[in-house]
Number of protein chains: 2
Amino acid sequence: MRDSVEEAISLLGYVPNQAARSLVTRRSGSVALVISEPESEVFSDPFFATIVRGVGDELAELDLDLVLMMARHAGRHDRIVRYAHNGHVDGVLLLAMHGDDPLPGLLHSAGIPVVLGGRPVNLSDEWTFVDIDNVGGARLAVEHLLRRGCRRIATIAGPQDMGSGRARLGGYRTAIEAAGTQAEIIEYGDFSQAGGERAMRRLLETHPDVDAVFAASDRMALGAMTALKAAGRRIPGDVAVVGFDDSEASRFSEPPLTSVHQSTDEMSRRMVRLLQARMDGDQARTSVILPTHLVARSSS
Amino acid sequence: MRDSVEEAISLLGYVPNQAARSLVTRRSGSVALVISEPESEVFSDPFFATIVRGVGDELAELDLDLVLMMARHAGRHDRIVRYAHNGHVDGVLLLAMHGDDPLPGLLHSAGIPVVLGGRPVNLSDEWTFVDIDNVGGARLAVEHLLRRGCRRIATIAGPQDMGSGRARLGGYRTAIEAAGTQAEIIEYGDFSQAGGERAMRRLLETHPDVDAVFAASDRMALGAMTALKAAGRRIPGDVAVVGFDDSEASRFSEPPLTSVHQSTDEMSRRMVRLLQARMDGDQARTSVILPTHLVARSSS
DNA sequence: ATGAAAGCGCTAACAG
DNA sequence: CTGTTAGCGCTTTCAT
């Protein structure tokens, strides 16, 4: 009897109507991952690929669907808020927030569970976020350079409207000040390889005597090394980098290079777990900061 | 009176319930863009970035939301079919189909409007697709090399389980045969830069006398040039490439290079338009093949 | 245990 | 043109 029904189901290709189900359960069974960057940026930063994969896997395990949205410009914000508010998704993961991004506020006041990836610059008490220890990571890298005897360590800092950019610069500053052996040398980039290249060129011009560079992202470090090679220059110390996932480490084939590693998979996992808690009604603010660790390669 | 209602709406933050609306209208207001590649691939090929942006813009104009899904492995197929079948989306755009991908069949038999980006290898009559003229583009490129006097033109072909890979190899073969001046020289890559590099190295080993290379993708061309430079080799003729969007052209800064351009934006536009037609009940099979054009740079 | 019925929030069709 | 109502396909509650 049950079998004959099952048979009919597959015969007619019956599938429960999600809209009807949502109407009564008030759940959609999907979660949005919103990245506050233009497509070109999203698709050129390997960090996002790893996060998307990780989050997708975690959600699949909970039988939740992943909806990926990119918020290139503010015009898209309305769409996204509407989409979430409509009941299309049960929660939102927000990545790569910039300074005064209104998105988390809008979503929050619409009563939608939100978890941020990366501590935002203007941290409001209500937010739940997952971040890696950017300050600590940067400090680790710079302290390593100091220990190696470098006394003219420059940094290629990231955008200062982003939490990670600020934190990494903060870590550099703390380490430099604590050492008391030199003044800060700072150039800014936008986390991209091209930005790192430009910053390195400026650095070589304004401070030709730098003996080490701390880059605030893997792609900027790559750019810095390209610029050094193109200029036929070597710096006696090292290029160090943070913001660097294990899986990407292989791109840096040639030493000298010291890097600070983070686990992007762990970040995905935590974000999903926190979101799930929020969706289950847990209102506790329980943000997480993940540790980083230094991987130093010996200079050739 | 109306005003007081509007006021109450914004006061209470009322938003129409999409589930209830869908239940009666049988429309969800969103469209899925499914890419049959793992995240790492999707996020490293600039082609996808451009398509996603283009499709997103086109859909926004029609007031439709874009849901991006990546089908890394077959395990994800069920999820995607279920997601679409559930009524979550009104239609599906499928990108980067591989040989025997069951996805279009599954979706089609579930009665979901589907438009393919790129002519699939096993083309069934029911499919609607948008493609660029890969055969013509490849022919164009190879004919150009022949016209320049090259007589040992190799190709770095793409994966043969993909329509574009096969078509571009087909165009190369047609041109070489028609000229009757040489035999085919073929190495295969996977459309990636690393694949192009490996293929070029094999080529230099097995056919050290090649005087031109036709690469079946921009990234493989980039890889080929890297391999050539690393080997300290120059080929007298040219490296030509297809599958190359205008916006990416700038990456190829150094001649000699001839490229065949396509308009990715136009492709996005057509895909969305065709899908819209299908969603409006138009059952006509009206696939589109977009023209390509050659851009030759003079050798330095 | 199994079965009947109410109702989720909206749209569309129909009356007034 | 405005107002009322049936019903979309489920889940959950309540009665049998």
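The structure displayed is predicted, hence computed values, not measured ones. (Residues numbered from 1 in each chain as written. Chains lettered and ligands numbered in written order. Predicted model: local features only at pLDDT ≥ 70, side-chain atom pairs only at ≥ 80, totals over all residues. Heavy atoms only, no water.)

Enquirer: Please give an account of the overall build of chain A that cites residues and values.
Expert: Each helix and strand in chain A was counted, giving 11 helices and 12 strands. Overall, the C-alpha framework of chain A stretches about 80 × 40 × 30 Å when taken along its three principal axes. Counting over 300 residues, chain A shows a buried share of 54%. For chain A, contacts bridging at least 24 residues in sequence account for 71% of all contacts bridging at least 6. For chain A, the exposed surface amounts to about 12700 Å²; the carbon and sulfur share of it is 51%. Charge centroids of chain A, computed over 32 positive and 40 negative side chains, lie 4 Å from each other. (Helix = DSSP H or I, 4+ residues; strand = E, 2+ residues; numbered from the N terminus. Buried < 20%, exposed > 50% of the residue type's maximum accessible area, 1.4 Å probe, protein only. Contact = heavy atoms within 4.5 Å. Areas by Shrake-Rupley, 256 points an atom, 1.4 Å probe, with all protein chains shown as cover. Lys, Arg positive; Asp, Glu negative; His and termini not counted. Charge placed at Lys NZ, Arg CZ, Asp CG, Glu CD.)

Enquirer: How would you explain the relation of the copies chain A and chain B if you had to name every residue and give the values?
Expert: You can overlay chain A on chain B at an RMSD of 0.1 Å; the transform is a turn of 180° with a shift of 0.0 Å along its axis. Read as a symmetry element, the transformation amounts to a two-fold axis. With an isologous cut-off of 70% or more, the 100% of interface residues of chain A that recur at the interface of chain B puts this contact in the isologous class. (Least-squares fit on C-alpha atoms with pLDDT ≥ 70 in both.)

Enquirer: A description of the confidence of the model for chain A should follow, citing residues and the corresponding values.
Expert: Looking at chain A, pLDDT values average 88 and 94% of them are 70 or higher. Per-element confidence in chain A ranges from a low mean pLDDT of 68 for strand S9 (residues 239-245) of chain A to a high of 98 for strand S7 (residues 186-188) of chain A. (pLDDT = per-residue confidence, 0-100.)

Enquirer: Talk me through the domain arrangement of chain A; I want residue IDs and the actual numbers.
Expert: Residues and elements named next belong to chain A. When cut into domains, chain A gives domain 1 (26-132 + 264-290) and domain 2 (134-261). With centres defined by C-alpha atoms, the gap from domain 1 to domain 2 works out at 29 Å. Taken together, the 15 residues of domain 1 in the interface contact 12 residues of domain 2. Area buried by domain 1 at its contact with domain 2 is led by Pro46, Val121 and Ile132, which between them contribute 41% of it. The salt bridge involving arginine 219 is made with aspartate 45; its shortest N-O contact spans 3.2 Å. Counting the contacts that link domain 1 with domain 2 gives 7 residue pairs in polar contact (both at pLDDT 80 or more). Of all the secondary-structure elements, those providing two or more residues to the side of domain 1 that touches domain 2 are helix H4 (46-61) and strand S5 (129-132). For the side of domain 1 that touches domain 2, the residue count by class is 5 nonpolar, 5 polar and 5 charged. (Domains from an automatic or database assignment. Buried area = accessible area lost by both parts, 1.4 Å probe. Salt bridge = Lys/Arg side-chain N within 4 Å of Asp/Glu carboxyl O. Polar contact = N/O pair within 3.5 Å; in protein donor to acceptor, adjacent residues only side chain to side chain. Nonpolar A, V, L, I, M, F, W, Y, C, P; charged D, E, K, R; others polar.)

Enquirer: Would you mind going over the interface of chain A and chain B in detail, with residue names and values included?
Expert: Tallying the contact residues gives 40 residues for chain A and 40 residues for chain B. Counting the surface lost from both chain A and chain B, the interface buries some 3300 Å², and carbon and sulfur atoms represent 54% of this. Here chain A is connected to chain B by 8 salt bridges. For B:Arg79, the salt bridge goes to A:Asp63, with nearest N and O atoms at 3.7 Å. If you look at where chain A meets chain B, you find 8 residue pairs in polar contact (both at pLDDT 80 or more). When contributions to the side of chain A that touches chain B are tallied by element, the ones reaching two or more residues are helix H2 (18-25), helix H3 (39-42), H4, strand S2 (65-70) and helix H5 (75-85) of chain A. No other element matches H4(A), which puts 8 residues into the side of chain A that touches chain B. Split by residue class, the side of chain A that touches chain B holds 19 nonpolar, 11 polar and 10 charged.

Enquirer: I'd like to hear about the pairing of strand S4 (residues 114-117) of chain A, residue by residue, with values.
Expert: Residue and element names in this part refer to chain A. Of the two faces of S4, the one lined by Val114 and Leu116 and the one lined by Val115 and Gly117 are each fully buried. Sheet analysis places strand S3 (residues 91-95) next to S4, joined by 4 bridges and oriented parallel. Its bridge partner lying in S4, leucine 93 is registered against valine 115. In this region the chain leaves S3, passes through helix H6 (residues 103-109) and returns to the parallel neighbour S4; the handedness of that crossover is right-handed. Alignment of S4 against S5, held across 2 bridges, turns out to be parallel. Paired with glycine 117 across the strands is valine 130, a residue of S5. (Pairing = 2+ DSSP bridges. Right-handed = clockwise from strand over helix to strand, strands pointing away.)

Enquirer: Summarise the protein's contact with DNA strand D; cite the residues concerned and give the values.
Expert: Taken together, the residues surrounding DNA strand D are A:Tyr14, A:Val15, A:Pro16, A:Asn17, A:Ala20, A:Arg21, A:Leu23, A:Val24, A:Thr25, B:Leu23, B:Val24 and B:Arg26. In DNA strand D, the atoms that sit within 4 Å of the protein are 86% sugar and phosphate, with bases accounting for the remainder. At 2.5 Å from a phosphate oxygen of DNA strand D is found a side-chain nitrogen or oxygen belonging to B:Arg26. Elements represented by at least two residues in the surface near DNA strand D include exactly H2 of chain A together with helix H2 (18-25) of chain B. Per-element tally for the surface near DNA strand D: the top contributor is H2(A), with 5 residues. Here the surface near DNA strand D is composed, by residue class, of 8 nonpolar, 2 polar and 2 charged. (Near = heavy atom within 4 Å.)

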